[in-house]
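Observations on the model geometry
Chain by chain, the residues:
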Amino acid sequence: MRTTFHPRRAVVLATVAVATSALLLTGCSSGSDSGGSGSSDANAKITLTVGDFGTFGYKEAGLYDEYMAAHPNVTIKYDTVQDGQKYWDALTTHLASGSGLSDIQAVEVGYIAQATGTLGDKFVDLGKAEGVNPGNWLDWKTKQATTAKGALIGLGTDIGPMAICYRSDLFQQAGLPTDRAEVGKLWAGDWSKFVEAGKTYQSKAPAGTFFTDSASGLFNAALSAEPVQYSDAGGKLVYKDSPGVKKAWDLAVSASQAKISAGLRQFQDPWNAAFANAKFATVVCPSWMTGIISKYSGDSGKGKWDVAAPPAAGNWGGAFLTVPKAGKHTKEAAALAAWLTAPEQQAKVFTKVGNLPSTVGGLQQSAVQGTKAEYLNNAPTGQIFAASAQSIKPAPIGEQDGNVKTIITDNGVLDIEEHGTDPAKAWSNVTKLVDDKVGH
């Protein structure tokens with residue numbers, strides 16, 4: 001989801017069929033660290049609420065219905081928020097007050113360090129919950145959700161290994177190769193080659209189209225491959241001097257100034273509509289993006305989109321399910337979270353919406369390895385993304401990474417894209433905002 005942010009995740013597209021406003025539900029009781037609270041009667045009727053953002057795929061894959069069928073005493077209600085930043089801001093407010101929380105709350109990877117840090121005592125230790133084996137997940141995914149005291153406060157939902165999704169019809173019209181292997185060679189090994197390919201496309205582009213959707217998306221994708229991003233290994237913000245941030249910023253600026261980007265804000269309505277109208281030829285494509293492409297490109301885009309290898313391996317997005325201690329049914333919520341993130345369920349979500357499993361068993365599922373995305377010209381997405389996942393070397397995450405990321409993309413890169421702000425001025429605005437809102 002990522003992204004995401006993700007979206008998904010950041011990011012942050014919603015497929016919303018709201019059964020209840022879960023973030024506004026008031027949680028009254030407190031649970032133990034091991035998720036011990038809940039009804040004394042195992043057959044008592046209960047309602048479990050789930051709050052998330054973007055497209056986690058549980059409804060789309062039929063998992064809520066499947067769980068309720070197997071647990072007739074459980075009713076699941078969920079709330080999906082479109083704006084991931086607003087979701088996180090609301091969640092931190094509710095955590096501070098101990099009320100207004102869902103039984104399960106999703107946390108995006110950009111905020112997991114804050115969740116395990118200053119907010120760590122607000123969540124149930126799921127490592128002690130029945131049916132949870134921390135070793136089921138990729139080692140780095142488990143570590144991301146573990147507090148300094150050793151509590152596992154989040155169960156990994158997905159990861160976001162990178163690829164590039166492209167429209168073969170627009171590539172053909174611009175004289176570029178369309179075979180996915182040949183397309184990948186255009187930019188193999190270097191994100192700057194991606195920008196150069198964009199310039200080639202733009203010189204012969206079909207009228208009204210751009211090479212890529214967003215310089216902000218390019219920033220996120222390029223940075224995802226860097227070993228140093230916003231924070232150092234100790235969690236200290238180093239974005240001002242980070243070689244990864246500088247490289248990604250310069251790349252995004254060059255794409256904007258070369259006018260190869262449509263300048264759209266990802267996960268907003270104009271961006272959604274641009275898919276259907278074929279306004280851009282590429283989108284940086286973590287695994288969870290494939291479901292978004294098929295949803296918004298619609299029938300007219302089927303078979304025209306394809307998937308190629310990225311310039312460099314990276315991870316953009318991914319999330320966790322947490323159980324706030326202030327929830328009403330922490331034991332039952334922990335059981336649901338464990339079931340939703342089990343390998344078999346993660347495989348079902350991937351085949352439905354493209355969110356790649358974060359469990360070792362999930363990645364090995366034949367349903368994942370053998371997946372071909374019919375919508376994306378039958379691209380072997382299971383093999384492409386699972387192989388990319390093996391190359392991921394996550395950068396350190398600090399408590400304020402998600403906030404800094406939002407400021408850089410929304411108040412920095414987008415200012416250049418939408419208003420033609422001088423890059424030096426845009427960067428100065430970014431640092432002032434971070435200092436004001438986040439601190440040094």
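What counts and what doesn't
Residues numbered from 1 in each chain as written. Predicted model: local features only at pLDDT ≥ 70, side-chain atom pairs only at ≥ 80, totals over all residues. Heavy atoms only, no water. Disulfide = S-S within 2.5 Å. Helix = DSSP H or I, 4+ residues; strand = E, 2+ residues; numbered from the N terminus. Buried < 20%, exposed > 50% of the residue type's maximum accessible area, 1.4 Å probe, protein only. Polar contact = N/O pair within 3.5 Å; in protein donor to acceptor, adjacent residues only side chain to side chain. Contact = heavy atoms within 4.5 Å. Domains from an automatic or database assignment. Salt bridge = Lys/Arg side-chain N within 4 Å of Asp/Glu carboxyl O. Nonpolar A, V, L, I, M, F, W, Y, C, P; charged D, E, K, R; others polar. Axes fitted to C-alpha atoms, helices over the stretch in contact; angles between N-to-C directions. Parallel < 35°, antiparallel > 145°, perpendicular 65-115°, else oblique. Left-handed = near helix turned anticlockwise from the far one by under 90°.

An unreviewed UniProt entry lists the protein under the name Sugar-binding protein, with Kitasatospora griseola given as the organism.

Across all of its chains, the model carries one disulfide by this definition. What pairs with C165 in a disulfide is C285, and their sulfur atoms sit 2.2 Å apart. Around the S-S axis, the bridge from C165 to C285 shows a dihedral of about -55° and counts as left-handed. You can see C165 sitting in strand β5 (residues 164-167) and its partner C285 sitting in the loop between β7 (280-284) and α11 (289-297), a full 120 residues away along the chain. C285 carries the same exposure label as C165, and that label is buried.

What follows deals with the side chain of D52. Looking at the element boundaries, D52 is found in strand β1 (residues 46-53). Of note is the side chain of D52, whose polar atom sits 2.8 Å from the side chain of T80. The contact partners of D52, leaving out residues within four places of it in the chain, are Y64, D79, T80, V81, Y87 and A106.

For the rest of this paragraph, the subject is the domain arrangement of the protein. Under the domain assignment used here, the protein contains domain 1 (46-159 + 318-370) and domain 2 (160-315 + 390-438). For domain 1 versus domain 2, the distance between C-alpha centres works out to 27 Å. In this assembly, 20 residues from domain 1 lie in contact with 20 residues from domain 2. Counting every contact that joins domain 1 to domain 2 gives zero salt bridges. Put simply, domain 1 and domain 2 have seven residue pairs in polar contact (both at pLDDT 80 or more) between them. Of all elements in the fold, only α3 (112-116), α4 (139-144) and β4 (155-161) reach the threshold of two or more residues within the side of domain 1 that touches domain 2. Ranked by the residues each element gives to the side of domain 1 that touches domain 2, the list is headed by α3, at three residues. Across the side of domain 1 that touches domain 2, the residue classes break down as nine nonpolar, 10 polar and one charged.

Further remarks concern the packing of helix α1 (residues 63-70) against helix α12 (residues 330-340). Between α1 and α12, the shortest axis-to-axis distance is 11 Å and the interhelical angle comes to 125°. Relative to α12, α1 is oriented oblique. The two elements α1 and α12 cross, and the hand of that crossing is right-handed. Of α12, the residues touching α1 (which contributes L63, Y64, E66 and Y67) are A335, L336, W339 and L340. Across the contact of α1 with α12, the residue classes break down as seven nonpolar, no polar and one charged.

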